[in-house]
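# Summary of the model geometry
Here is what each chain is made of, one letter per residue.
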Amino acid sequence: MLTPVCCKQAAPAHQNTHREVRPHTHFAKEQGSFCFCTCFLTGCYYPFFVLPSNFFTACSFVDEIRDENPRKTTISAENEVEAQKLANNYKFGFRKWKSHVTERPFEDRSSIVKELYSELNVIKPYSVGSLFTCGNVLYVFLFGWWIALVYVLVGLLMFLTVFGVPYAKLCWKLSCYFLWPFGKSIEKVVFLFISKFYCLFWRVSTYIWLLVGYPLLAVTHSVLCLISWMLVFTIPVAKMSTKTLHTILLIPPEHVHISQATEVREHESRVILCCYHAVNLYYYKYTVDGINVFAVNLLLLVIVSLVIGYVDKSNEFVSSEVKFATAVSSIIPLSYYIGMGIASISAQSNFAVGAVVNATFGSITELTFYITALVRGHHQGNKCLQEIVKAALTGTLLGCILFIPGICMIIGGLRHSEQRFNSRSAGVSSSLLFISVGGVFAPTLFSKAYGNLVCEDCTNSTGTNSSGSFTPLVYTISILLPVSYIIGLIFTLKTHSHIYDIHVGDGTGHLGASVHWSRWRALLILIVATVLMSACADLTTEHIQPILSHSSISQYFIGVTVLAMVPEIPEIVNGVQFALQNTISLSFEVGSCIAVQVCMIQIPILVLFNIFYDVGFVLIFSDLHLWASIFSVIVVNYIFMDGKSDYFQGTALVVVYLILLALYYFAPSPSGC
């Protein structure tokens, strides 16, 4: 341990009381490879050696010296709503959300992001580089040749009408343009004098154009726009097609001038369209009203899933396997919308409202599927669906405990050689995981100790009827687990909030920033997404049975992988983004939050649902579920002990997760399947 040296006194009398030295974000100063922290006894600065790459590495060092005064985490936000959202990410029981819930000031964004939202009407001949890029060549093979061919054919059709000759010439010009539009500009030329005869001729030709040529091109550009938008990275092509459809094709052909973007105009003109690149790999950042473009596009999958699922009941056109795949995949965008709605409401509300919304809608995705599967299995007399639900519950635990932290450690470690986090706050989550897993699997341990107690008339090894003690045990645990969750909220957010000491920096600006979704709009979207989620869950459970019956893979494996982890894909993305920004603690909290909610909220709700509507749900898990979950909690607690993470530790967690998946893959199917 390095002994701090006072900068004012050569030999301070209190040098043995260096445990009082703690970092503070308002007083800490960095100089060279040393970090200076304020001593709370004398007010003087104390230097100690730190890693030069990250100042907060030093903060973690001092955090180990004095555990009773943990590091204060200071966050900076663009406005008050974003500050509240960021603060919620550090709160126990709140879902972690990375995306912005407010409109970011356009002038503050990077040039790369600004380019994504450009209108493609700016000539910039000196900053585009070479136009012969892979993306532009790919455009010619995917879109350019057949769009040019359509324009040639429409031009011939308009030429045959005689009056449509001006539009025929325009189509042939646009044919050459769309074959290779890069570096060319389309401008609207303004003429000061137009004869009456020309006006009459233009009116007749316009009627023919709107009846014959324009509808064909409207269909063509609609298809082009849809395809290029769905591919995301070719959104510039969609913008180009949209502007052509609603602007260029409705301008008199004599006013449309196409030329190289570097040429100088003799007439007064206005640039309508100028495109340099058909592909931009940064369009994964593109948002529509705050929603990521991938989530917007996947809404089409939800619609397709509902149509083929409820229209083609007899599977005449689409097989059950395809319906199952589309229904499960539809859960991904719906989970994203639910998460965005929760974050929007929580960021604009007080703690009580935010806690209620997170506790209810935070588990709605999983609960919708579980309850739907249990009800369907009860009506069909199929116990296999109950085992699938238990496998999905266990798979969610394993994924959140091992896979999410592991993959975040790997990706974050590749960018940052070593990442540090508050080991004490991680210890609180670990303790809650121990309580959660222990409580959930207590009935299973009880049944192992005292015999098979599943049915009402079962007897234990001594021959006495013991079913009377099993049901109260399940009910007791189902009450204690939510109570523990509430105690965790009080502990981390009220009585011991200093463990998560969050301070919003003074740099908060844009106080009048507008949110993407108001509270009422977010609530409406939450309700609609929940209804759609119920429909997709119903289709999933309806069409999973053929897969379970004909598949050579263990039903355990399907439950712990596909059904468990697909709804958590948005959370995995959030965790990875946190890790890339060197906030690995939030990546860990993503998984811990879900795992704790599974044990302390979702499973008690399933038990409560079974009381009012008996679907035969019994809180007894197989031995594989029991030991896999306990082993996972022990491993992750060992990894989190030192408050450090790197890609090697992440690899260890992912390998353990894959080993457990291999066990499930080769395990025999559960009884009743």
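Every value quoted in this text rests on a predicted model; they were computed, and no experiment measured them. (Residues numbered from 1 in each chain as written. Predicted model: local features only at pLDDT ≥ 70, side-chain atom pairs only at ≥ 80, totals over all residues. Heavy atoms only, no water.)

Right, let's get into the overall build of the chain. What the chain contains, in helices and strands, is 23 helices and 12 strands. Buried positions account for 51% of the 673 residues belonging to the chain. Total accessible area on the chain is roughly 30,900 Å²; 66% of this is exposed by carbon and sulfur atoms. (Helix = DSSP H or I, 4+ residues; strand = E, 2+ residues; numbered from the N terminus. Buried < 20%, exposed > 50% of the residue type's maximum accessible area, 1.4 Å probe, protein only. Areas by Shrake-Rupley, 256 points an atom, 1.4 Å probe, with all protein chains shown as cover.)

Turning to the environment of L523, a few remarks are in order. Mapped onto the elements, L523 comes out in helix α16 (residues 519-543). For the pair L523 and I342, spaced 181 residues apart in the sequence, the C-alpha separation amounts to 8.2 Å. If near-sequence neighbours (up to four positions away) are discounted, L523 is found in contact with I345 and F361. (Contact = heavy atoms within 4.5 Å.)

Looking now at the pattern of salt bridges. Here the structure, examined in full by the defined rule, presents 5 salt bridges. Residue R521 pairs with D289 through a salt bridge whose shortest N-O separation is 2.4 Å. Placement of R521 in helix α16 and of D289 in the loop between β8 (287-288) and β9 (291-292) is noted, with a sequence separation of 232 residues between them. Owing to a relative accessible area of 37%, R521 belongs among the partly exposed residues under this scheme. Taking relative accessible area as the criterion, D289 reaches 33% and is therefore assigned partly exposed. (Salt bridge = Lys/Arg side-chain N within 4 Å of Asp/Glu carboxyl O.)

Before going further, it helps to examine helix α9 (residues 320-347). End to end, α9 covers 41 Å across 28 residues, agreeing with the expected 40 Å (1.5 Å per residue, within 8%). Counting buried positions along α9 gives 24 out of 28 residues, so the element sits mostly inside the fold. (Expected span 1.5 Å × (residues − 1).)

On to a nonpolar patch on the surface, then. Residues L226, M230, L300, I303, V304, V307 and V311 make up a contiguous nonpolar surface patch of about 620 Å² in total accessible area. Of all the elements in the fold, those that place two or more residues in the nonpolar patch are α6 (196-230) and α8 (293-311). If one sorts the elements of the nonpolar patch by residue count, α8 sits on top with 5 residues. Relative to the assigned elements, V307 resides in helix α8. Classification of V307 as partly exposed rests on a relative accessible area of 46%. (Patch = residues over 30% accessible without salt bridge, like charges linked within 9 Å, V, L, I, M, F, W, Y side chains within 5 Å.)

Taken as a whole, the chain shows an average pLDDT of 78; of its residues, 77% reach a score of 70 or greater. Predicted confidence is poor over residues 453-467, with pLDDT under 50, and the contacts of this stretch with residues over four places away or in other chains come to 21 contacts. (pLDDT = per-residue confidence, 0-100.)

With that settled, consider α8. End to end, α8 covers 28 Å across 19 residues, agreeing with the expected 27 Å (1.5 Å per residue, within 8%). What α8 keeps buried is the set V293, A295, N297, V302, S305, I308 and G309. Residue N292 occupies the N-cap position of α8, its side-chain oxygen lying 2.9 Å from the main-chain nitrogen of F294. (Polar contact = N/O pair within 3.5 Å; in protein donor to acceptor, adjacent residues only side chain to side chain.)

This paragraph deals with the nonpolar core. Counting 87 residues, the largest nonpolar core has L393, I401 and L563 as its most contacted members. Ranked by the residues each element gives to this core, the list is headed by helix α12 (residues 384-415), at 15 residues. Residues within four places of L393 in sequence aside, it is in contact with Y370, V598, Q602, I603, L606 and F621. One finds L120, I208, I248 and C275 within the second-largest nonpolar core, a separate group that totals 37 residues. (Core = buried A, V, L, I, M, F, W, Y, C linked by side-chain atoms within 4.5 Å.)

Tracing the backbone shows Q649 in helix α23 (residues 647-666). Residue Q649 is classed as buried on the basis of its relative accessible area, which comes to 15%. Setting aside residues no more than four positions away along its own chain, Q649 makes contact with M409, I639, D642 and K644.

A few words on the pairing of strand β5 (residues 184-189). Within β5, 5 of the 6 residues are buried, leaving the element largely enclosed by the surrounding structure. Bridge count for β5 against strand β6 (residues 256-260) is 5 bridges, and the pairing is antiparallel. Following the sheet pairing, E187 is matched in β6 by H257. (Pairing = 2+ DSSP bridges.)

With that out of the way, let us pick up the side chain of S629. By secondary structure assignment, the location of S629 is in helix α22 (residues 623-639). Here S629 is in contact with T394, L397, L398, V437 and F441, once residues within four sequence places are set aside.

Here we take up the packing of helix α11 (residues 364-380) against helix α21 (residues 584-612). How two helices sit against one another is set out by the angle between their axes and by the gap between those axes. Where α11 contacts α21, the two axes come as close as 11 Å, and the packing angle between them is 35°. As α11 runs across α21, the sense of the crossing is right-handed. Contact residues: α11 offers E366, L367, Y370, I371, L374 and V375, while α21 offers Q602, I605, L606 and F609. The class makeup of the residues in the contact of α11 with α21 is 8 nonpolar, 1 polar and 1 charged. (Axes fitted to C-alpha atoms, helices over the stretch in contact; angles between N-to-C directions. Left-handed = near helix turned anticlockwise from the far one by under 90°. Nonpolar A, V, L, I, M, F, W, Y, C, P; charged D, E, K, R; others polar.)

Note on aromatic pairs: each is described by the distance of the centres and the angle between the planes. Per the stated rule, a full pass over the model turns up 22 aromatic pairs. Ring geometry for F132 against W180: centres 5.2 Å apart, planes inclined by 25°, an arrangement best described as stacked. Taken together, the residues span a long stretch of sequence, with F132 in the loop between α3 (111-116) and α4 (134-160) and W180 in the loop between α5 (165-179) and β5 at a distance of 48 residues. Owing to a relative accessible area of 69%, F132 belongs among the exposed residues under this scheme. Arranged with centres 5.9 Å apart and planes meeting at 65°, the rings of F369 and Y370 form a pair that is edge-to-face. (Phe/Tyr/Trp six-rings, centres within 6.5 Å; stacked < 30°, edge-to-face > 60°.)

Despite not being glycine, D289 has its phi angle at roughly 55°, a positive value. The backbone phi angle of N315 is positive, close to 60°, even though this residue is not glycine. Positionally, N315 belongs in the loop between α8 and α9. Residue classification places N315 among the partly exposed positions, given a relative accessible area of 30%.

Right, let's talk about the state of the cysteines for a bit. According to the stated counting rule, one finds 0 disulfides in the structure shown. With no disulfide of its own, C400 has C593 as its nearest cysteine by sulfur position, at a separation of 9.1 Å. Accessibility expressed as a relative area gives 2% for C400, which makes it buried. (Disulfide = S-S within 2.5 Å.)

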